[in-house]
Structures are given as C-alpha cells and as structure tokens.
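# Chains, contacts and geometry: an overview
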Amino acid sequence: MSSASETAAEQTKVTAPYGSWKSPITADVVSGSDKRLGGFAVDSGRLFWLESRPTESGRSVLVRQGESEKDKPIDITPKDFAVRTVAQEYGGGAFSISGDSVIFSNYKDQRLYKQSISSEDLAPEPITPDYGGPLVCYADGVFDSRFNRYLTVREDRRESSTNATTAIVSVDLSSNDVKEPKLLVGGNDFYAFPRIDHKGERVAWIEWGHPNMPWDRSELWVGYLSENGDIKNRICVAGGDPSIVESPTEPKWSPEGDLFFVTDRQSGFWNIYRWVESTNEVLPVYPLNAEFTKPLWVFGSNSYDFLQSPSQKNLIACTYRMNGRSYLGILDAQNKISLLDIPFTDTNNITSAPDGLYVEGASAVLPLSIAKVTLDDQKSKAIDFKIMWSSSSISSSYRPYISSPELIEFPTEVPGETAYAYFYPHQPSVSGQCGGETSTTVKESCVQYWTSRGWAFVDVNYGGSTGMVGSGKVDGQRLCITGGSAGGYTTLAALAFRDTFKAGASLYGVADLKSLRDDTHKFESHYIDNLVGDESEYFKRSPINFVHKFSCPIILFQGLEDKVVLPDQSRKIYHALKEKGLPVALVEYEGEQHGFRKAENIKFTLEQQMVFFARLVGKFKVADDITPIKIDNLD
C-alpha cells in the first residue's frame, strides 16, 4: 500500500524542464541536516561517536549513546571545546576512550585534553603543554594502562609549518602536572597506528618516508617495552624487505596476543595477514582479490575487529570491497568467511560489541549511518540491524523524492581496465522535458538535491562518464561536471583536455600541479611525483597551462584557510579564464579549509552551482528562490 506522501507525490505530478523541478530537499535541508562522522568507538558496551555539525559552524562534538537505546544521545564535549585534530591536515583519530576517561584533541589550540565522561561538572583538563598556539597536534592515540600513559602520533610544526616533525610519543597520565611528552619512536617522516598489546609488553606501529605515500610503501614495526616503558628493541615485521613492495597498515593485537594487519604484498590487494612471532613469518589469513582497507588519508581507520566469543578464537569481523561493491563478513579460525546480509551496500569502519558489532555504512536509501548488528550465537549470521546514528534525516523524511542508484561499469581508455560508478536517475514524481545532466562527485544527501530537481547524477570512481551518453540515459549536449579537491582537478582537466562537458564547477580544485607540489603540506608534498612524472608532464597535465583549450563556463569555490590546495590555485584559473572571455565566477569563503563545514557555505555552494548550470547550460529558471551571483563575462 502506498504511503500518504507517495500518493500525494503522484497526485501532484507536473511537467517541467529537467533540472527545474520543485523539490522539498532544499539547500537549507541539505546543509543543515548533513553531519559528518569523525569516528566512533565502543567502550563497556556503550557507543560513542564524533559528529561535525554544520549548524554550529562545523564544530565537532563527541556524543554518547543514551543509557538505553530509547534515550536521547548525550553530548560529552562542552560548548567551548571542539574535538578535531589537524594532523596531516586531514585529521582523524581525534579521540580515545577508556572506562570513564576520554582523551581528545581540541581544535582551537590542538592540545590534548582529558575529560571524565560521567562527571559533567568537571571541565576537560589539558595534558600536553601550551606552545602559544596550535603548533603541535596529536592523532591516533591509545591508552597504555600498564604505564598509565597515552601513546599518540605527534606532529610538531614549531620549527617549520611545511616540514613538521612527526613521531610517536607518550603522555604521562599519572599526575596533574602537564609535562613534555616523551619520545618513543622517531626519525622517519610519518607514523600511524601505535597499538599496544593487552599485556602492555609490545607496541606495533606503521611508518613511512618520502617520497612514498602510506599506500605506496610503508613498514610495520613491533617494539618491545622495557620495565620503564622505553622501547628496548624492535623488529620490522613487514615492508622492510626491498624485494617486496608492500604497504602494511592497520596493525591490531588479538585478545590472544597475536598481531594481525593488512598488507598488499604479492597480489597487490590489501588482505589480512597474521605475524608468527616465533619464526618472524607473515601468513595470509584469507587471500582474496579484494581490498580489506582503504588508503590512509585520515588517522583511525578500523576496517576489521576481533569479535567477542567464548568458544572461538581470533574471530574477525571485516569489511572489504570487490568489483565496486562492499561486503561485510565474519572470518573464523578455519579461515572461512560468512557474509552478513545487512541493508548497507557500502560499509566502512567497524567495531566489535558484546553481542555483535557496530558498522559505519550507507545505501541508496540510508545516508551515512552507524548501525548495530546483532549476531547469532555462532557469530555467523546477522539477526538484527538497527540504526543508532544517521548523518541525515533526508532519506526517511523525503522518501518519494529519493533516487536509487544503479551500479554500472564501463571500459576506460586503458586497455583491459574497468571503471565503476553509481548512476542516480532523476526522481520520478515529475515528468521531464529535454535532457538531464550528469556530474562526477557525490556527498550523501547532496546527490538527492540534484536528482529531485530533474538532474541525473553519476558518482564515478574515476575513469570518465561519457559511456552514459551512449546508453541513452542522459543528454550528451547538457553534461555538466562538478568535483572537489582531486575531483576539482578532474573537473578542470576534463574541461581543458576534453570537449565532453558544457559547464563545470570546481570546489578547491587543482589548476597548477607544479604549484601544488611546491606549496602543499608535508603529507602530500611528494604525492603527485609518482602520479605525474617529470617536469614536462607537470606542465602538460596542468589545466592552467592550457587556458586556450577551455571553451565552456566554470564556477569555482575556495576556502581561504585551505592548506592542502592553496587559494592561489582557484585564483589563477579564475583570472586566466576571465581574461580569455569565458563566463566564470569565483566564490571564496573566510574560515573554511579543505572542504566546507559551515551550513551557510554548504548551502550557498549547492545553490550557486545549480543556478550556474541552469543559466548557462539548461537555459531555464530554477524553482527555488535563489539570487545568482555575478558571472564575469556574462552579467
């Protein structure tokens, strides 16, 4: 039986040009409803999560599940604090919980603070020194109960803001005096995943150095702790053999004391491995042509975890991606996997719970969420699935307007290589005239903002989307492209080197690869060397050098505090295209970094993209009451 809202949608069906349809999914709804998830944890059976709130200028707040699942969640973070680290600019791993204590990075000063979860009257207390500003930041920390301390990655920018010194340090928790953290491991360019075994005798970590990114080549080390907590000796478990190119990541100690991790040796796919300490061997747990983790762009990834079971050891819950699809499964001691049937079609981080696990994921009708998955006694089947937190209320409130995606695959320009994408058709409650448009990036409810107005939308895992035209799903004369960061570079490059699209929107995109290499932060300062090649390739692949090839309108959006892609990138392409005489507009936001967090800026960006494409490609008036910004060489 149809719901009342679905019936009403059918009765009010009208005919209008594609892209001009009226929709209740407004930019206000999208910008105010979409929260970002900064991580989650389970301690003593309680669920905690970190959410970024656009309506609070992007402030990140640690939240605790209510005393019962029916109770409202409780904010842990006081109003004058925000939980966020800027380590490696992308952050992640900003908090850790143990019992009644939480340690977190405070955004304003980047110091670590310790807070009692149950004592709301007690303000968080700093546990790292005040260096006169946010010059030293921390991430990916863990409690060390044996020595009553906190192990964490430290990024020190006191001597250089562009060449920070990174190390693993320990922060003393035994007294109220703030002390200088003690160096445990240092000397390499980058560190991640300091993880202590359950006895407090061994610590594992990942490290890598320039010019590699962590997914190019890294090393997994284990250090043995002395009686005073220092590392008395160490061994390289993976990544140290020059004849084996691999990038180990996500080390984790099992309850029995075995070290597991993910690496891509031999097959090139990130699979789960186990270290045999007695013989220093590395053994595959479940070989599969699939990725059991994701690239380390942010700290704190948790792609697998050990389940609690009285009868089975080393029972592992894991998520992996194969041929464009996500899977969630349980690996047993016999190295057999049982796939779990849950509503999520895209899964990310997972954390074990007493009777199952918590999963971060999404689907066509479920926005990014945290769900509790209850397992049967054999830990092989899901018997209950319940959403505990959702990034957006749009899917449940506006179901008749939600577009469901179709997974598609198509050949790329590289022989034998296949690209994957999700195609979102326009929603069906309005009849359309003329053709729809496609674009190549997606951020949860933002896609529904477009499709509910009559735009088709393609979320491409890179490789191009022109195959959609040949299928007849879209109008080849009305294709637009939009993307942020690397997707912004894709937008500019597609407009410079192809004639497929009729307009574009670049959000903090790269126009000049050489400038990016010379000016960006330490983490990515050598990133594009392996992607681009020599100096001639830097020139040939930079859209800024081929302004004469641009032939269609572009709108650009840029945060003025962006340290990944500096504002000069957008300004360069803006001035060049303005001088060329193409319709172009540049929007700059005070206080925004790499990615927009404030509700008012998210709203403005969505609306101005829509109006820009409508005016210059669709040639129609949008249904919403939006005042367009001035477009150079047009207005």
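The structure this text deals with has already been given above.
Below is a summary of the structure that appears in this document. Source: prediction; values computed, not measured. (Residues numbered from 1 in each chain as written. Predicted model: local features only at pLDDT ≥ 70, side-chain atom pairs only at ≥ 80, totals over all residues. Heavy atoms only, no water.)

## Digging into the overall build of the chain
Using the following cut-off: A run of H or I in DSSP counts as a helix once it spans at least four residues, and a run of E counts as a strand once it spans at least two, with each numbered from the N terminus. Put simply, the radius of gyration uses C-alpha atoms, and a globule should come to 2.2 Å times the residue count raised to 0.38. Any residue under 20% of the maximum accessible area for its type is buried, any over 50% is exposed, and the rest in between are partly exposed; the area is computed with a 1.4 Å probe on protein chains only. Contact criterion: two residues are considered in contact whenever any of their non-hydrogen atoms come within 4.5 Å of each other. Using a 1.4 Å probe, the Shrake-Rupley method yields the accessible areas, and only the shown protein chains count as cover for residues.
Within the chain, the secondary structure is distributed over 11 helices and 37 strands. For 635 residues, the compact-globule estimate of 2.2 N^0.38 gives 26 Å, and the C-alpha radius of gyration of the chain, at 25 Å, lies within 12% of that figure. Seen through its C-alpha atoms, the chain measures out along the principal axes to roughly 75 × 60 × 55 Å. Looking at the 635 residues of the chain, the share that counts as buried comes to 57%. By sequence separation, contacts in the chain at least 24 residues apart represent 54% of the contacts at least 6 residues apart. Entry remark: accessible area of the chain is about 27,000 Å², with carbon and sulfur atoms responsible for 48%.

## Some remarks on the pattern of salt bridges
Note the threshold: The term salt bridge refers to a side-chain nitrogen of Lys or Arg lying within 4 Å of a carboxyl oxygen of Asp or Glu.
Overall, the coordinates contain 34 salt bridges when judged by the stated rule. R154 serves as the salt-bridge partner of E180, at 3.9 Å between the closest nitrogen and oxygen. Here E180 is found in the loop between β12 (165–172) and β13 (182–185), whereas its partner R154 is found in strand β11 (residues 149–156), with 26 residues between them in sequence. Note on E180: relative accessible area 45%, which makes it partly exposed. The salt bridge involving E537 is made with K540; its shortest N-O contact spans 3.0 Å. Of this pair, E537 and K540 both sit in helix α9 (residues 535–540), three residues apart, which is roughly one turn of that helix.

## A look at the sheet that holds strand β25 (residues 337–339)
To keep it simple, the criterion reads: Whether two strands pair comes down to DSSP finding at least two bridges between them. Axes here refer to lines fitted to C-alpha atoms; in helices the fit is confined to the stretch in contact. Angles between the N-to-C directions go from 0 to 180 degrees.
An order of β22-β23-β24-β25 is seen for the four strands of this open sheet, with the pairing classed as antiparallel. Two strands in the sheet have a free side with no partner beyond their single neighbour: β22 (304–306) and β25. Across this sheet, the average inter-strand angle for adjacent strands is 30 degrees, counted without regard to direction. When strand β23 (residues 316–322) meets strand β24 (residues 325–331), the two strands line up antiparallel, connected through seven bridges. Directly across from Y320, in β24, lies its bridge partner Y327.

## Focus on the pairing of strand β7 (residues 101–105)
For β7, a buried count of five out of five residues is recorded, marking the element as mostly surrounded by other parts of the structure. Neither face of β7 is left uncovered, since the one carrying S101, I103 and S105 and the one carrying V102 and F104 both have all their residues buried. Inspection of the sheet shows strand β6 (residues 95–98) paired to β7 by four bridges, in the antiparallel sense. The partner of F95 across the bridge, within β7, is F104. Hairpin geometry of β6 and β7 is characterised by an intervening segment of two residues between the two adjacent antiparallel strands and by a positive phi of about 60 degrees at G99. Of the strand pairs in this sheet, β7 and strand β8 (residues 112–116) are connected by five bridges, and their pairing is antiparallel.

## A closer look at the sheet that holds strand β35 (residues 503–507)
The sheet built from four strands is open, its strands ordered β34-β35-β36-β37 with parallel pairing. Of all the strands in the sheet, just β34 (480–484) and β37 (584–589) have a single pairing partner and so form its edges. With direction set aside, neighbouring strand axes in the sheet form an average angle of 10 degrees. Sitting on the sheet, helix α11 (residues 599–618) is in contact with β34, β35, β36 (554–559) and β37, with an inclination near 165 degrees to β35.

## A few points about unusual backbone geometry
Backbone torsion omega between H210 and P211 reads 5 degrees, so that peptide bond is classified as cis. Relative to the assigned elements, P211 resides in the loop between β15 (202–208) and β16 (219–225). In this structure, D140 is a non-glycine residue whose phi angle is positive, near 65 degrees. Summarising the element assignment, D140 is placed in strand β10 (residues 136–144). Even without a glycine there, the phi angle at E250 is positive, about 50 degrees.

## What about the pairing of β35?
Note the cut-off: When the strands point away from the viewer, a crossover counts as right-handed if the path from the first strand over the helix to the second runs clockwise.
Where burial is concerned, most of β35 is hidden: five out of the five residues are buried. Taking every second residue as pointing to the same face, both faces of β35 are buried, with A503, A505 and L507 on one and G504 and S506 on the other. The sheet contact formed by β34 and β35 spans five bridges and is parallel. Within the sheet, the bridge partner assigned to T482 lies in β35 and is A505. One crossover worth recording links β34 to the parallel β35 by way of helix α6 (residues 486–497), and it is right-handed.

## Concerning helix α10 (residues 567–580)
To keep it simple, the criterion reads: Expected span, for any helix, means 1.5 Å times one less than how many residues it has.
Compared with the 20 Å implied by 1.5 Å per residue over 14 residues, the 20 Å span of α10 between its first and last C-alpha is a close match. Next to the buried residues of α10 lie α6, α7 (513–519), β36 and β37. Once α10 finishes, G581 follows within two positions and takes phi at roughly 100 degrees, a positive value.

## Overview of the packing of aromatic side chains
Defined as follows: Working definition: a ring pair exists when centres of Phe, Tyr or Trp rings (six-membered ring for Trp) sit within 6.5 Å. Plane angles under 30 degrees give stacked, over 60 give edge-to-face, the rest tilted. Either the NZ atom of lysine or the CZ atom of arginine qualifies as a charge over a ring when it sits within 6 Å of the ring centre and within 35 degrees of the ring normal.
What the rule picks out here adds up to 30 aromatic pairs. Both rings, one in F81 and one in Y113, keep their centres 5.2 Å apart while their planes meet at 75 degrees; by these two values the pair is edge-to-face. On the criterion of sequence distance, the pair formed by F81 in the loop between β5 (74–75) and β6 and Y113 in strand β8 is long-range, its members being 32 residues apart. By relative accessible area, F81 is classed as buried at 12%. In this structure Y113 comes out as buried when scored by relative accessible area, which is 8%. Chaining the aromatic ring pairs together yields one cluster made of Y90, F190, W208, W215, W297, F523 and Y527. Sitting over the face of the ring of Y304, K252 holds its NZ or CZ atom 5.1 Å from the ring centroid. The ring of F190 carries the charged tip of K522 above its face, separated from the ring centre by 5.2 Å.

## With respect to α6
Along its 12 residues, α6 runs 16 Å from first to last C-alpha, staying within 8% of the 16 Å computed at 1.5 Å per residue. Within α6, burial applies to G487, G488, T491, L492, A493, A494, L495 and A496. For α6, the elements touching its buried residues are β34, β35, β36 and α10.

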